[in-house]
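Residues per chain, in single letters:
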Amino acid sequence: MSEKHVVTMGQQFGRRSWAEPWKIKMVEPIKTMSAEERQKAIEGAGYNTFLLRSEDVYIDLLTDSGTSAMSDRQWAALMLGDEAYAGSRNFYDLEEAIRSYYGYKYVVPTHQGRGAEHLISQVAIEPGQLVPGNMYFTTTKLHQELAGGKFVDVIIDEAHDPASQHPFKGNVDLDKLEALIQRAGPEKIAYVSVAGTVNMAGGQPISMENIKAVRALTDKYGIRVYLDATRMMENAYFIQEREPGYQDKSVAEILKEFCSYTDGAWMSAKKDNLVNIGGWLALNHEDHFEAARNLVVVYEGLHTYGGMAGRDMAALAIGIQEAVQDDYVRARVGQVRYLGELLTDWGIPIVQPIGGHAIFLDARKIYEHIPQDQFPAQALAAHIYADSGVRGMERGVVSAGRNPETGEHNYPKLELVRLTIPRRVYTQAHMDVVAESVKAVYDRRKEAKGLKMVYEPKYLRFFQARFEPLA
Ligand SMILES: Cc1ncc(COP(=O)(O)O)c(C=O)c1O
Ligand SMILES: N[C@@H](Cc1ccc(O)cc1)C(=O)O
């Protein structure tokens, strides 16, 4: 195994482990609660982990979004915020960091990823157009729909199969994409929406070969490709690890090459860029840039802050540089893999291969006796919280929402619970505690019951829906 590869638990002899390339300078105490207190808390939250108070959570694996630990350099940079309304120095540093690491020409700052999704959808989608993509993401798809577009899934079939070991389950199926372009006509396609890694598929990467082919195909029809770069550094690490020809390239080189095959990107900087808040849109074409730079002043703030304070942009510019370091990404993906390998060794079904930001428990398999309209993943997330105070999130039928035309639930093939690892926050011992709790719940799986939904909001229902246990 090359040095670049993560050394796994299995190698007992002559093993050379990696460790996190940082040490801990400040800590935040967390508390444990009794089983009765946890049961009360999850009932009070309507069996929805989004509705728990964070002080009632022991190990918080709800999301890797905005939950990273910043470095001492980032904290120091907060003191150097230039809080000018217009032309903040920190914006120009941020613009420079995005240009040099991602390679795009123009930058529009936003308060977080959704702000950027809103702008790109409004400027690049005409009502009635289609937006093909490698699996939906909740907020991305909603913004595409609110702009009058229709998302069409063109990811490879393997992505919908939790057991498939395909190394690049985020790949676009080129046949599906070309058939759609020919059926609808190129002018009906707003752009191709590509995400690296693919969150809803389990944090699965897309290969360099695939993005090159997407570029070649879309060039043939004059269609643009926009990237959801939220976890693109983790995607670059998987390319380095798995794709022939990239073993000796740095994550930074791979990131830049990948982005060069796209026309622009939107970013939730709260993930890969190691900050607690922030986002951006970066574009290569002047027409969409000008339109987005104009729209940002309506929804986010002036085009040199877009909803972020100067200090936020300062921390973000440094986060970009820190997150693209090979040893950082290896430790990040390695910690996720450590947890996933423990669960796999214990026979617990999870999405394979283990992705970049999270472990996805296969609730459909674990609770095979609970039908999908009784929300098995929602129930599993609640049961894990009740067992140990570990908070994960449903990624199944509740997240998939309803079909806007028929009003029926969308029934996704993947019915999952996501245990998402915040960056630079938890230790290996925390991962052991998580794995043991999942195992305890798994061992009691046959007794588990489903849920019924008793409150359902209109948009992104998974955030606020409430449930009650079925008798
Ligand atoms: C893949 C992906 N894209 C976009 C977003 C939207 O970003 P934000 O939460 O910063 O609005 C998220 C998270 O919400 C995400 O995981
Ligand atoms: N993007 C964040 C926050 C979020 C969670 C779920 C969503 O469906 C939307 C946003 C995440 O993946 O954790």
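Since the structure is predicted, the reported quantities are computational estimates derived from the model, not experimental observations.

### Things to note about the packing of helix α6 (residues 174-184) against helix α7 (residues 208-221)
The geometry of α6 relative to α7 is characterised by a closest axis approach of 11 Å and an angle of 15° between their N-to-C directions. Comparing the axis directions of α6 and α7 gives the class roughly parallel. The way α6 lies across α7 gives a crossing that is right-handed. Each of Leu174, Leu177, Glu178, Ile181 and Gln182 in α6 lies in contact with α7, whose residues at this interface are Asn210, Ala213, Val214, Leu217, Lys220 and Tyr221. Taken together, the residues that form the contact of α6 with α7 break down as seven nonpolar, two polar and two charged.

### Notes on the domain arrangement of the protein chain
Partitioning the protein chain into domains gives domain 1 (35-64 + 326-469) and domain 2 (72-323). Using only C-alpha atoms to locate each centre, domain 1 and domain 2 end up separated by 26 Å. Contact with domain 1, which involves 32 residues of that partner, is made by 40 residues of domain 2. Inspection of the domain 1/domain 2 interface yields five salt bridges. Notably, a salt bridge pairs Glu241 with Arg337, separated by 2.7 Å at the nearest N-O pair.

### Remarks on the site of ligand 1
Taken together, 13 residues sit near ligand 1, with Gln112, Arg114, Asp228, Ser268 and Lys271 positioned nearest. Here an oxygen atom of ligand 1 and a side-chain polar atom of Asn199 are 2.8 Å apart. Across the complex, the protein chains shield 95% of the 380 Å² of accessible surface that ligand 1 would expose by itself. With three residues, the single largest contributor to the shell around ligand 1 is helix α4 (residues 113-124). For the shell around ligand 1, the residue count by class is one nonpolar, six polar and six charged.

### Description of the site of ligand 2
By nearness alone, 14 residues border ligand 2, and Thr63, Thr138, Lys271, Arg418 and Phe462 come closest of all. Within the contact set of ligand 2, an oxygen atom lies 3.0 Å away from a side-chain nitrogen or oxygen of Asn199. Residue Arg395 places a side-chain N or O atom 2.8 Å away from an oxygen atom belonging to ligand 2. For ligand 2, whose unbound accessible area comes to 330 Å², protein coverage reaches 93%. For the shell around ligand 2, the residue count by class is four nonpolar, five polar and five charged. A domain split of the shell around ligand 2 shows at least three residues from each of domain 1 (35-64 + 326-469) and domain 2 (72-323).

### Here's the deal with the nonpolar core
Within the largest apolar cluster, 61 residues are counted, with the highest numbers of intra-cluster contacts made by Tyr102, Ile211, Leu227, Trp280 and Ile320. Shared between two domains, this core takes at least three residues from each, and those domains are domain 1 (35-64 + 326-469) and domain 2 (72-323). Core analysis: the second largest hydrophobic core is formed by 50 residues, Val57, Val397, Leu419 and Val438 among them.

### Some remarks on the sheet that holds strand β12 (residues 416-420)
Here we have three strands laid out as an open sheet, ordered β9-β12-β11, and antiparallel in their pairing. Where the open sheet ends on each side, the last strands, each with one partner, are β9 (358-362) and β11 (393-395). Along the sheet, successive strands turn relative to each other by an average axial angle of 35°, direction set aside.

### Remarks on the packing of aromatic side chains
Scanning the model with the defined rule gives 10 aromatic pairs in all. Summarising the aromatic geometry, the rings of Phe50 and Phe463 are spaced 4.9 Å apart at their centres and angled 80° between planes, so their arrangement reads as edge-to-face. Placement of Phe50 in the loop between α1 (35-44) and β1 (59-60) and of Phe463 in the loop between β13 (451-455) and β14 (466-469) is noted, with a sequence separation of 413 residues between them. Classification of Phe50 by relative accessible area gives partly exposed; the value is 22%. Phe463 sits in the partly exposed class, given a relative accessible area of 24%. On the basis of an interplanar angle of 70° and a centroid distance of 5.3 Å, the ring pair of Phe91 and Tyr92 is categorised as edge-to-face. For Phe91, a relative accessible area of 4% translates into the label buried. With relative accessibility at 42%, the residue Tyr92 sits in the partly exposed group. What links up through ring pairs into an aromatic cluster is the set Phe50, Phe462 and Phe463. The ring of Tyr136 carries Lys141 above its face, with NZ or CZ at 5.4 Å from the centroid. Over the aromatic face of Tyr442 sits the side chain of Arg445, whose NZ or CZ is 3.9 Å from the ring centroid.

Cut-offs and rules
- Per chain, residues are indexed from 1 in the order of the written sequence.
- Here the convention is simple: chains get letters from A, ligands get numbers from 1, in the order in which they are written.
- Thresholds applied to this predicted model are a pLDDT of at least 70 for local features of residues and 80 or more for the giving and counting of side-chain atom pairs; totals over whole chains, interfaces and linings are not thresholded and use all residues.
- Side-chain numbers come from the whole structure's heavy atoms, not from hydrogens or water.
- Axes, fitted as lines to C-alpha atoms, cover a helix only where it is in contact. Angles between the N-to-C directions of the axes lie from 0 to 180 degrees.
- Runs of H or I in DSSP of at least four residues are treated as helices and runs of E of at least two as strands, each being numbered from the N terminus.
- If an angle is under 35 degrees, it is roughly parallel; if it is over 145, roughly antiparallel; if it lies from 65 to 115, roughly perpendicular; otherwise it is oblique.
- By definition, any crossing whose near helix is turned counterclockwise from its far helix by less than a right angle is left-handed, and any crossing with a clockwise turn is right-handed.
- Throughout, a residue-residue contact means that at least one pair of heavy atoms, one from each residue, lies within 4.5 Å.
- For this scheme, ten residues count as nonpolar: Ala, Val, Leu, Ile, Met, Phe, Trp, Tyr, Cys and Pro. Four count as charged, namely Asp, Glu, Lys and Arg, and the remainder, Gly too, count as polar.
- All the domain ranges listed were derived from an automatic or database domain assignment.
- Within this document, salt bridges are pairs made up of a side-chain nitrogen of Lys or Arg and a carboxyl oxygen of Asp or Glu, the two lying within 4 Å of each other.
- Residues are counted as near a molecule or strand when any one of their heavy atoms sits within 4 Å of it.
- The term polar contact refers here to a pair of N or O atoms within 3.5 Å; inside protein, the definition further demands a hydrogen-donor-capable atom paired with an acceptor-capable atom, and it admits residues adjacent in sequence only when both atoms are side-chain atoms.
- Working definition of accessibility: Shrake-Rupley area with a 1.4 Å probe, residue cover restricted to the visible protein chains.
- Here the nonpolar core consists of buried residues drawn from Ala, Val, Leu, Ile, Met, Phe, Trp, Tyr and Cys, with membership extended through side-chain atoms lying within 4.5 Å.
- Burial status follows relative accessibility: with a 1.4 Å probe on protein chains alone, a residue under 20% of its type maximum counts as buried, one over 50% as exposed, and anything between as partly exposed.
- The pairing criterion is simple: DSSP has to find at least two bridges between the two strands.
- Stacked, tilted and edge-to-face pairs are distinguished by plane angle, under 30 degrees for stacked and over 60 for edge-to-face with tilted covering the rest, among Phe, Tyr and Trp rings (Trp via its six-membered ring) whose centres lie within 6.5 Å.
- Charge-over-ring contacts are defined here by two conditions on Lys NZ or Arg CZ: a distance within 6 Å of the ring centre and an angle within 35 degrees of the ring normal.

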